[in-house]
Amino acid sequence: MDPAARLGPAQIAVVAQLGVSTILLGGIYALIAVGLTLIFGIMRVVNFAHGEFLMLGMYLAFWAATLASLDPYFVVFASIPIFFAVGLVTYALVMRGVIHASHNVQIFTTVGLSTALQNVALVLWTGDFRTVRPWESFAIVRVAGTAFNLSQVVAFLIAILLTIALVAFMKWTHSGRVMRATAQDRDAATLMGIDTDRVYRLTFAIGIACVGGAGVLVSPLYAAYPTAGLQFVLLSYVIVVLGGLGDMVGAMLGALIVAAVEVVGSYFFGAAWKEVFYFLLFIGVLVFRPAGLFGQRGAETLGV
Amino acid sequence: MRRRLVPAVAVVLALAGMAAVTWGQALSGEYKIGVLEPLTGPLAGEGKRHLEGFEIVRDLINERGGVMGKKLAFAVADAPDPTAAASEANRLITRENVKIVTGTFSSRLCGAASEAAARHNVIYWETSCVDPRFNKRGLKTVYRTEIDATGFGWYNVEFIAKHLAPRFGKKPNELKIAFLSEDSSYGQGVTESARQRAKGEFGMQEVALEYYNFQTINDFTPIIVKFKQLNPDVVHHIGYTNDAPLFWRQAREQNFMFKALVHAGATGYGSSDFGKALGADGNGVFALLEPGPGFKLESLKPEGQKIEKDFRDAVQKRTGSYPLGSHQLAGSGLWLLKLVLDAAKSDDPEKFHTAVMSLDMPIGSMINGWGVKFSETGQNANDRVQHYMLQWQNGQLVTVWPEEFTTQRAKWIPLPAWDQRK
Amino acid sequence: MLTLEGIDAFYGDLQALHDVSLTVEQGRVFALVGANAAGKSTTLRVVSGLVTPRRGRVLLEGRDLSRVPAYQRVDLGIVQVPEGRRLFPFMSVAENLLLGAHTARARAERETTLRYVYGLFPVLADRQRQLAGSLSGGEQQMCAIGRALMARPRVLMLDEPTLGLAPVLVARIFETVRTINADGMTVLLVEQNVRQALTLAHRAAVLESGHLVLDGRGAELLGDERLKRAYLGL
């Protein structure tokens, strides 16, 4: 019998729980996708190694907890400058050489980087699943008949704050304007005296700092292993396309939509269907609204 | 520089030559078999442990007169992926002239490796892969000592019907069971055979069946919410990796109360990673595996006791710990190969096959308390390859079933509230 | 003030400029005229650094710019209004103008310059919040000139500023160039509108297929027979 066919207080509790799960899962997805959409939007580069930086963030949290007994919520502050530096170095060593190359070359490069990072992790840390066990990963919050994990709430709130901060940064700071200008017309930006190479370097570093920090934040929830990034990164591409390339608020909404499809789809149809559903959504958006559900028409060719 | 290099090279070459000569002489009394293991890549950890199990039992065999009157030796090859498994099997057969190939730890590798061996009409002796398709391809020279995934499902239902149901105070046909599984061929093999036996033989009530992709599952909450409404007694969950601790943690968050969770295999709940991830919070989970701490020597037949004890001591001496699953699968498999070769006195595929078929040993006759009875397809029988239910108790997996084989007892049946499993 | 010495420039294997030399004097308007694809835009791109010449040098007040990357030339005072305006279409007029004042030197005087630009083009002040991409062609050109002025140029380079504009707007743009120049700005102007450009310019040069063929005072060239036949249709 379909459990959803009956209606009553129990059903309301179910709906509430599904709603809460959607929002919290969406928060985690948004946290991961926001750095990707930033790099995508400004640099016009699809970073296929995005998930691997998430994985590195998870390992950072694991080793900090194992070797120095540091709580992930402490490590997250250190992870931002660390991954900013990782982003700068990766840009200088890998991305800089292909930033003006064709999309094919860029794809091969970032896919190669992804494989390389996975194998480095495998060699350094083996294929074992490494789990951090801070108190917060077992802290359960119960509100009005729904239950969830404290780490999820924290991840969600930080995702919201991060999105707001990035939107404000892009909109109201000079550096943000410079980044948008570079995305819209690189030559014109150069003619304004903008060092576009520096803009790309900065963009990449911010994007990597976001995803590295996200890796630390999700570490109480998910184990670290060399291919941990793959678990989330495919979804991130769906989210970025749904939200519109480079659109941070769109990514947040896209993440919530993907999470809703996943949670509601898993409840009513079974978990085996979730990929079918959100890839149908993905293809639908590509066909009917290539600028994303919330994007500006025409912006998909320019990047805002 | 260059002047000093030349004599150095000459010395090295001379030494190498001498080494080759002495090595060559020692080889004259040896019988060499091919061993394929994933020694690099993601499976390397288990592959090396598996090889370690082979080496330990090889030495035990050689202390007992070797095989066919010769000292057993290995030609080892690295098979990190299916392509390498096939090409290395070919190389071992054509270059090293081996007539028997064994291996491979993984279900990803055994198919390709055995097919390559069968093409050369060479015996392929698998000791641990559990892919149900392995013995269903009509390959004549292919054997497997371990049971396959469907055998795991068979044992899980045996445990649920014969051990759990009475302790719940229910008849098997009163049990409500929810099946949850990752969707690999392994997960499906275990789950589908368990479903079949649960319904067909015991009339259990299946309330749910859910498959998911273990690489992309990030949230079990919707499934748990659904399961909660269906109120199963038993959750039969085949987890693979990260998904097992995730389900367990989220079931706790949602205060999902069921009476028992049963898993099979060295993945997911059966992996040491689960214990590391949850510690005592993982208390109560059952996983079908090779025997672990608590396994009682006296429960075996005399000859079984002897070899099991020698094997444990040898593993203890070499690794400093109780045998792990990979040691046990490799060890018992290789020991069984010795028994076959003792009977066949030949590596001719026909004579070998006759010897395999003639073996009939009850449970408790050898390492792991296993017995032997092969089917015509080269598969050892479910009810001879005794498997054991282990339970997570305060961060450790201990043997709890069948009770005649163990000193330990299953706890928390039915599972009490989440915070009372101490 | 700005000198080009023997510039050879290529696009791939195609030579766009052959041994081009010219000098723009301080406070003057220099017009570069010629047919389509004569190399006028390329000359500007060589000066701004977007195109690297294979031979020859660009000197600003005697300083060789060969090793100065494009974005740093803006700081030295070389600012180009590119052909087709090239505004940032999904940003507001105000944001476009603010981006003009990117260099530290320009940012220090941002408010003053902004007032000057709004004084020059009051319509931009009215449309501050509008997206640049939604402006009319003439307004876009004003915005592009305004954005360049925000960078506090010492040499302002305009690439076809009147292209595609209605006659009344063309006159307005030329008027603006005259005003800016009167305020002391050195201007290097590329135009197809030969007659008006030459009337305005103190000096001018004609490019044909990448070769500099005529060079002289603006008014002089206006009387040149060859030029009349080729470009003025007389």
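Residues numbered from 1 in each chain as written. Chains lettered and ligands numbered in written order. Predicted model: local features only at pLDDT ≥ 70, side-chain atom pairs only at ≥ 80, totals over all residues. Heavy atoms only, no water.

Take the side chain of C:Thr162 next. All names here are of chain C. Following the sequence through the fold, Thr-162 ends up in the loop between strand S7 (155-159) and helix H8 (167-182). Only 2.9 Å separates the side chain of Thr-162 from the side chain of Glu-191, close enough to count as a polar contact. Ignoring anything within four residues of it in the chain, the contact list for Thr-162 reads Val-170, Ile-173, Phe-174, Glu-191 and Asn-193. (Helix = DSSP H or I, 4+ residues; strand = E, 2+ residues; numbered from the N terminus. Polar contact = N/O pair within 3.5 Å; in protein donor to acceptor, adjacent residues only side chain to side chain. Contact = heavy atoms within 4.5 Å.)

With that settled, the discussion passes to the interface of chain A and chain B. Listed per partner, the contact involves 38 residues of chain A and 31 residues of chain B. Two residues, B:Asp281 and A:Arg133, come together in a salt bridge whose shortest N-O distance is 3.2 Å. Summed over the shared surface of chain A and chain B, the number is 21 residue pairs in polar contact (both at pLDDT 80 or more). Elements with a contribution of two residues or more to the side of chain A that touches chain B: helix H1 (9-43), strand S1 (140-143), strand S2 (146-149), helix H9 (230-243), helix H10 (248-268) and helix H11 (274-288) of chain A. (Salt bridge = Lys/Arg side-chain N within 4 Å of Asp/Glu carboxyl O.)

Inside soluble globular proteins, nonpolar side chains tend to come together where they are buried. In terms of nonpolar packing, the biggest core is built from 116 residues, with A:Ile28, A:Tyr29, A:Tyr222, B:Phe220, B:Phe247, B:Trp248 and B:Phe258 touching the most fellow members. Among the elements that make up this core, the one with the highest residue count is H1(A) (14 residues). In terms of nonpolar packing, the next biggest core, distinct from the first, is built from 76 residues, B:Leu51, B:Ile160, B:Leu175 and B:Trp335 among them. (Core = buried A, V, L, I, M, F, W, Y, C linked by side-chain atoms within 4.5 Å. Buried < 20%, exposed > 50% of the residue type's maximum accessible area, 1.4 Å probe, protein only.)

All names here are of chain A. Taken together, the side chains of Val-264, Phe-268, Phe-269, Trp-273, Val-276 and Leu-280 present a nonpolar region at the surface, about 600 Å² in accessible area. For the nonpolar patch, the secondary-structure elements that each account for two or more residues are H10 and H11. Positionally, Val-276 belongs in helix H11. (Patch = residues over 30% accessible without salt bridge, like charges linked within 9 Å, V, L, I, M, F, W, Y side chains within 5 Å. Areas by Shrake-Rupley, 256 points an atom, 1.4 Å probe, with all protein chains shown as cover.)

A separate point is the state of the cysteines. All names here are of chain B. For the structure on display, the rule yields one disulfide over all chains. Sulfur-sulfur distance for the disulfide between Cys-110 and Cys-129 comes to 2.1 Å. Across the S-S bond linking Cys-110 and Cys-129, the dihedral sits near 60°, which makes this disulfide right-handed. Taken together, the residues Cys-110 in helix H4 (residues 107-119) and Cys-129 in the loop between strand S4 (123-126) and strand S5 (142-144) connect sequence positions 19 residues apart. (Disulfide = S-S within 2.5 Å.)

Here we come to the domain arrangement of chain B. Residues and elements named next belong to chain B. Split into domains, chain B comes out as domain 1 (16-148 + 299-384) and domain 2 (150-294 + 388-420). Using only C-alpha atoms to locate each centre, domain 1 and domain 2 end up separated by 31 Å. Listed as interface residues are 18 residues of domain 1 and, on the opposing side, 15 residues of domain 2. Of the roughly 1,400 Å² buried at the junction of domain 1 and domain 2 (both faces included), carbon and sulfur atoms supply 60%. Summed over the shared surface of domain 1 and domain 2, the result is zero salt bridges. In this structure, the connection of domain 1 to domain 2 is made through seven residue pairs in polar contact (both at pLDDT 80 or more). Within the side of domain 1 that touches domain 2, the residues separate by chemical class into seven nonpolar, six polar and five charged. (Domains from an automatic or database assignment. Buried area = accessible area lost by both parts, 1.4 Å probe. Nonpolar A, V, L, I, M, F, W, Y, C, P; charged D, E, K, R; others polar.)

In total, this model carries five cavities of 30 Å³ or more according to the counting rule given. Counted as a void, the largest cavity has a volume near 130 Å³. Contributing to the lining of the largest cavity are 14 residues, with A:Thr131, A:Pro220, A:Leu221, B:Pro245 and B:Arg249 lying nearest its centre. Of all the secondary structure elements, the ones that give two or more residues to the lining of the largest cavity are helix H8 (243-253) and helix H9 (272-278) of chain B. Ranked by residues supplied to the lining of the largest cavity, first place goes to H8(B) with three residues. For the lining of the largest cavity, a count of residues per class yields 10 nonpolar, three polar and one charged. Quantified by volume, the second largest cavity comes out at close to 50 Å³. Lining the second largest cavity are B:Trp248, B:Arg252, B:Ala280, B:Asp281, B:Asn283, B:Trp418, B:Arg421 and B:Lys422. (1 Å grid on protein atoms, 1.4 Å probe; cavity = no way out; pocket = protein on both sides within 12 Å on 5 of 7 lines; lining within 4 Å. Points joined across faces, edges and corners; volume = space filled by probe spheres on them.)

Moving on, we come to the interface of chain C and chain A. Residue-level contacts link 24 residues of chain C with 22 residues of chain A. Carbon and sulfur atoms supply 66% of the area that chain C and chain A bury against each other, a total of about 2,200 Å² over both sides. At the junction of chain C with chain A, the criterion picks out three salt bridges. A salt bridge links C:Glu95 to A:Arg180, with the nearest nitrogen and oxygen atoms 2.6 Å apart. Counting the contacts that link chain C with chain A gives five residue pairs in polar contact (both at pLDDT 80 or more). Of all the secondary structure elements, the ones that give two or more residues to the side of chain C that touches chain A are helix H1 (40-48), helix H2 (70-76), strand S6 (78-81) and helix H3 (93-100) of chain C. Here the element with the most residues in the side of chain C that touches chain A is H3(C); it accounts for four residues.

Turning our eyes to something else, we now look at helix H2 (residues 50-68) of chain A. An ideal rise of 1.5 Å per residue puts 27 Å on 19 residues; H2(A) measures up with 27 Å between its terminal C-alpha atoms. Looking one or two residues beyond H2(A), the residue adopting positive phi is A:Ser69, at roughly 55°. (Expected span 1.5 Å × (residues − 1).)

The subject of this paragraph is the sheet that holds strand S2 (residues 71-78) of chain B. Residues and elements named next belong to chain B. Spatially, five strands are ordered S2-S1-S3-S4-S5 in an open sheet, and the strand pairing comes out parallel. Strands with a single pairing partner mark the edges of an open sheet, and in this sheet they are S2 and S5. Across the sheet, the mean angle from the axis of one strand to that of its neighbour is 25°, orientation sign disregarded. Contacting strand S1 (30-37), S2 and strand S3 (100-103), helix H2 (residues 44-63) runs over the sheet at an angle of about 170° to S2. Seen against the sheet, helix H3 (residues 82-94) touches S1, S2 and S3 and runs at an angle of roughly 140° to S2. (Pairing = 2+ DSSP bridges. Axes fitted to C-alpha atoms, helices over the stretch in contact; angles between N-to-C directions.)

Where the two pairs of chains in contact are concerned, the greatest contact count is recorded for chains A and B. Taking C-alpha atoms only, the smallest gap left between chain B and chain C, which are not in contact, amounts to 37 Å.

Scanning all chains against the criterion turns up 50 salt bridges over all chains. A salt bridge links B:Asp131 to B:Arg133; the shortest N-O distance between them is 2.8 Å. Given a relative accessible area of 9%, B:Asp131 falls into the buried group. Judged by relative accessible area, B:Arg133 falls into the exposed class, the value being 53%. When the shortest N-O distance is used, the salt bridge between C:Lys40 and C:Glu160 registers 3.8 Å. In this pair, C:Lys40 is assigned in helix H1 and C:Glu160 in the loop between S7 and H8, connecting sequence segments 120 residues apart.

Here we come to unusual backbone geometry. The amide bond that connects B:Gly103 to the next residue, B:Thr104, takes the cis arrangement and shows omega of -20°. Within the secondary structure, B:Thr104 sits in the loop between S3 and H4. The phi dihedral of A:Thr126 is positive, around 60°, even though this residue is not glycine. Among the secondary structure elements, A:Thr126 is positioned in the loop between helix H4 (103-125) and S1. Unusually for a residue other than glycine, C:Arg152 sits at a positive phi of about 55°. Residue C:Arg152 is classed as partly exposed on the basis of its relative accessible area, which comes to 28%.

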